[in-house]
Amino acid sequence: MTNLPHASHLNMDERRDQADEFFAATKPELVPIVSDEATWFDFDYLDLPALAQVIAEHYGIALDENELRLPFWQFLDYLNERRTL
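The residue count restarts for each chain, going from 1 along the sequence in the order it is written. At least 70 in pLDDT is required for a residue's local features to be given in this predicted model, at least 80 for side-chain atom pairs to be given and counted, and no such filter applies to totals for whole chains, interfaces and linings, which use all residues. As a rule here, side-chain values cover all heavy atoms of the structure and leave hydrogens and water aside.

A. Layout of the pattern of salt bridges. We define a salt bridge as a side-chain nitrogen of Lys or Arg found within 4 Å of a carboxyl oxygen belonging to Asp or Glu. In the structure shown here, the tally under the stated rule is six salt bridges. Across the pair aspartate 77 and arginine 15 runs a salt bridge whose closest N-O atoms are separated by 2.8 Å. Taken together, the residues aspartate 77 in helix 4 (residues 72-82) and arginine 15 in the loop between helix 1 (10-13) and helix 2 (16-26) connect sequence positions 62 residues apart. Across the pair, arginine 15 and aspartate 77 agree in class, each one buried. In this structure, glutamate 65 engages arginine 69 in a salt bridge whose closest nitrogen and oxygen atoms are separated by 3.8 Å. Under the scheme applied here, a residue whose accessible area is under 20% of the maximum for its type counts as buried, over 50% as exposed, and between as partly exposed, the area being computed with a 1.4 Å probe on protein chains only. For glutamate 65, a relative accessible area of 36% puts it in the partly exposed group. Starting at the N terminus, helices and strands are each numbered in turn, a helix being any DSSP run of H or I of at least four residues and a strand any DSSP run of E of at least two.

Next up, the structure:
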């Protein structure tokens, strides 16, 4: 068996609690493994209207699709910094 290198995940590791909260709110069938380079579009399991509804209900933020293009760890920071709930 060959050992494959893993993508960097230091930034995601620092946001484990934020990621756990996000996945608890969005309820994926299987929580994805997320590298620092991943964006929402690498593992999107909700359509945009459903995701926007969850973000609004859980974080109190109107979702801007442009933020979904950020590395996921930056998206988590965005949600955390702007949350109203």
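B. Representation of the packing of helix 2 against helix 3 (residues 48-59) within the structure. Across the interface, helix 2 lies against helix 3 with an axial gap of 10 Å and an inter-helix angle of 120°. Considering their axes alone, helix 2 and helix 3 lie oblique with respect to each other. For the pair helix 2 and helix 3, the crossing hand works out as right-handed. Contacts from Gln18, Glu21, Phe22, Ala25 and Thr26 in helix 2 reach Leu51, Val54, Ile55, His58 and Tyr59 in helix 3. The angle between two axes is taken between their N-to-C directions and runs from 0 to 180 degrees, where each axis is a line fitted to C-alpha atoms and a helix contributes only its stretch in contact. We call two directions roughly parallel when the angle between them is under 35 degrees, roughly antiparallel when it is over 145, roughly perpendicular when it lies between 65 and 115, and oblique otherwise. Each crossing gets its hand from how the near helix is turned against the far one by less than a right angle, where anticlockwise is left-handed and clockwise is right-handed. Residue contacts are defined here by distance: any two heavy atoms, one from each residue, within 4.5 Å place the two residues in contact.

C. Fine view of the environment of glutamate 65. Assignment of secondary structure puts glutamate 65 in the loop between helix 3 and helix 4. Considered as a pair, glutamate 65 and arginine 16 are 49 residues apart in the sequence and their alpha carbons are 23 Å apart. Beyond its immediate chain neighbours, meaning those up to four positions away, glutamate 65 contacts Phe41 and Leu48.

D. Here's a closer look at the side chain of arginine 15. A relative accessible area of 11% means that arginine 15 is categorised as buried. Sequence-distant contacts of arginine 15, defined by excluding residues within four places in its chain, comprise Trp73, Leu76 and Asp77.

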